[in-house]
Structure formats: C-alpha cells, structure tokens
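Observations on the three-dimensional arrangement
Here is what each chain is made of, one letter per residue.
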Amino acid sequence: MLINRKEKIRSSEITKESIFRDRRNLVKAGISMGIIPSIITNIISTGHGFPNSGQISNISTWQESSDEKLTPYEHVTNYNNFYEFGTGKDDPAKNAHSLKTRPWSITIDGEVEKKGTFDFEDLVDLNALEERIYRFRCVEAWSMVIPWVGFPLKKLIDYLNPNSNAKYVQFFTLNDPNQMPGVRYRSLQWPYREGLTIEEAINPLSFIAVGVYGEVLPNQNGAPIRLVVPWKYGFKSIKSIVRINFTREMPQTTWKTANYREYGFYSNVNPEVSHPRWSQAYERKIGEGLFSAKVPTQLFNGYQEEVSYLYKNLDLKLNY
Ligand code: MTE
C-alpha cells in the first residue's frame, strides 16, 4: 500500500527532487485526464500577493521542457554566480540572506508606453505561472538542468507596450552596498546590467523566473525576479531586476564592459567559438561528481530550432 511504502522511505531520501518529481508526475497525469493542474499544485494559498518564501501555487507545466536529469536542488542553490554577494561559488548562498526582497519595485523607462515604477507583484500574474525545465550553460564550461517557475518575458513586454523605436531591452540589478557586500568592491561595473535585442526578448523561450523547484526563488538565485535565457551563456540571465529600459541603441552590458575581448553582447552558447582563455566545446554537468565525463556542448545550448532564425544574417564568430 502507498502508506506503507511511504513509511519505508527514510527522511534523508525525501529530497526536493523527489517531491518535485512526484508533483510533476501528478500534474502530467492530471493533464492527460483533463484535470486542471492548479487543483493539484495548490499546496499553500498565496493570499493576495506573491509569497516571499515556500511553495508557489497554481503552476502549470510546459510540455516542451527538457527531459534530462535535473541538477539536484542543493547544487542549484549552493553553486552560484551572483557577484553582488561575492565572487566565490558558495558566497551567494552564505551572504544573500541580507537581500530584502519585499517590498520590491521595478522601474520601466525608455521607448515604452507604460513608463513608471511598479510594485513587482503587479507585474506577476499569479494565475499564469509555468514550470519550465531548461538547460542552463555557464561561460565557465559547466551546466545544469533547472526547473524554473515564471512566465514568458514576451508577456511582460506586450503589457508594457514598447514603441517602434525600441530595438533593445536593457535590464539592471539592484545596487545597494548595505544589502550586497560584493558591490562595495569594484569586481564588476555596478549596477550589474544586461541586454537583449527586442526580437530575442520576445522569443517564446525568454523567461522571467520567480521560482525554482516549485518554490519562491532563493535570494542567491536572483529573488524576487530574474531573467532566464536558455540559449545564451548564464551571465545574460540577470538576477534581482529593478529596472527595465527599452533603448534604440545596443545597450551596455556588464561583462562586455569588463572585458570586450572575452564577452560579447550576443553571448550565444557556441562550441565553435572558444573563450580566449578556454574551449567552449565541452561542459561539466554540475552535481554528477568531480570525475564525471564532460559532455559536448551544443550550439545555442540545444535550442537551435527555436532561435537560429534570430541570427541568420550574423557572423556568429564576429558577433560572439
Ligand atoms: N546577475 C547578477 N546580478 N549578478 C551576477 O553576478 N551572474 C551571472 C547570472 N546573473 C550574475 C547574474 C552568471 S555569470 C551566471 S552563470 C548566472 O547568473 C548564474 O545563475 P545561478 O546562480 O542561479 O545558477
């Protein structure tokens, strides 16, 4: 019986991944039986606003998600890049508790109709959150497979309604030395900033994440709201966004400003364009052990079918 089987499971075996797998299987079964996913996933009521920790309710599943093995939660949340909290991989998990994620506002400016400062909760439709499992590839030649919760960036852009002069979208992270010990040092240009062409931004894969593994984003992963662009190197996926600026010209980006010979504006995952100091042909999957074999990296991180049209007139070696 189910109950007996449950009793045999030691608590150490009940991981975030197993809870996640069970919930996802239930949702999939529900979909095939015509049951609305929110009935199953509605674990904790969120009240009127977005919860600032714990489980997120009303998540639907994205049918095109990657079916690769997930990177364990422990690695997703403890092996991070978030230089505002230090440059070591374990610094964000140790230090990001000082980030205050409520209230949180986002300023919208530039070539767009709905300018102004919005409460973050007004930009997130709690009834339309999706779970998407994306491959995530860092420029440092490691990768993860992560179940994000959020919504397509296109939805937000449609709502904000940029005008025809808007050719690019630029994003900024909070820059507060009182909450972010890393910005007291000039390890990067602050605030951290990133950008996409408007066509990249409205591609159906570009995603705004507010959660991971069915839960509200931990601070070290970019709470309360971040970008996830799965066909680009991880540094394009800017965290803890406080400003979105629609521009006519290609905007400044933090890593290109730091070293334009090493990091370009496009930053598409491309095994044929080496980083000047190392190859991009292979990647190490985080969470599979130090001695696990490296696997070949795929062009556009495997999302070629969905995104190659964006670059058909670009030389990807010059526009790295
Ligand atoms: N966003 C900000 N604000 N600051 C950062 O240092 N690092 C980038 C990106 N977004 C970074 C950021 C890099 S280099 C990577 S690989 C990803 O975040 C890592 O995301 P993760 O820690 O959730 O895996």
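This text gives an overview of the structure that appears in the document.

Here's the deal with the packing of aromatic side chains
Considering all chains together, one arrives at 16 aromatic pairs under this definition. Each ring, one from Phe235 and one from Tyr263, has its centre 5.4 Å from the other, and the planes form 80°; the classification is edge-to-face. Of this pair, Phe235 sits in the loop between strand E10 (226-228) and strand E11 (241-247) while Tyr263 sits in the loop between helix H8 (254-258) and strand E12 (282-285), placing them 28 residues apart in sequence. Here Phe235 matches Tyr263 in class, with each residue buried. Clustering of aromatic rings is evident, with ring pairs tying together Tyr168, Phe265, Tyr266, Phe300 and Tyr311. If you follow Arg135 out to its NZ or CZ, it ends over the ring of Tyr303, 4.8 Å from the centre. Seen from the ring of Phe265, Lys236 lies directly overhead, with NZ or CZ sitting 4.3 Å from the centre.

Side note on the site of the ligand
Around the ligand lies a shell of 16 residues, among which Asn80, Tyr83, Glu84, Arg226 and Lys239 are the nearest. With respect to the ligand, the side chain of Asn221 contributes an N or O atom lying 3.0 Å from an oxygen atom. Relative to its unbound accessible surface of 530 Å², the ligand loses 99% to contact with the protein.

Regarding unusual backbone geometry
Arg102 connects to Pro103 through a cis peptide bond whose omega is -15°. If you trace the backbone, Pro103 turns up in the loop between helix H5 (91-95) and strand E2 (105-110). In this chain, Trp190 is followed by Pro191 through a cis amide linkage whose omega measures -10°. Here Pro191 shows up in the loop between strand E6 (168-173) and strand E7 (193-197). Phi at Asn161 is positive, roughly 60°, even though this residue is not glycine. Secondary-structure assignment places Asn161 in the loop between helix H6 (153-160) and E6. The backbone of Asn301 shows a phi angle near 60°, a positive value even though the residue is not glycine. Inspection of the secondary structure puts Asn301 in the loop between strand E13 (295-296) and helix H9 (304-307).

Reading the values: rules and limits
- Residues numbered from 1 in each chain as written.
- Predicted model: local features only at pLDDT ≥ 70, side-chain atom pairs only at ≥ 80, totals over all residues.
- Heavy atoms only, no water.
- Phe/Tyr/Trp six-rings, centres within 6.5 Å; stacked < 30°, edge-to-face > 60°.
- Helix = DSSP H or I, 4+ residues; strand = E, 2+ residues; numbered from the N terminus.
- Buried < 20%, exposed > 50% of the residue type's maximum accessible area, 1.4 Å probe, protein only.
- Lys NZ or Arg CZ within 6 Å of the ring centre and 35° of its normal.
- Near = heavy atom within 4 Å.
- Polar contact = N/O pair within 3.5 Å; in protein donor to acceptor, adjacent residues only side chain to side chain.
- Areas by Shrake-Rupley, 256 points an atom, 1.4 Å probe, with all protein chains shown as cover.

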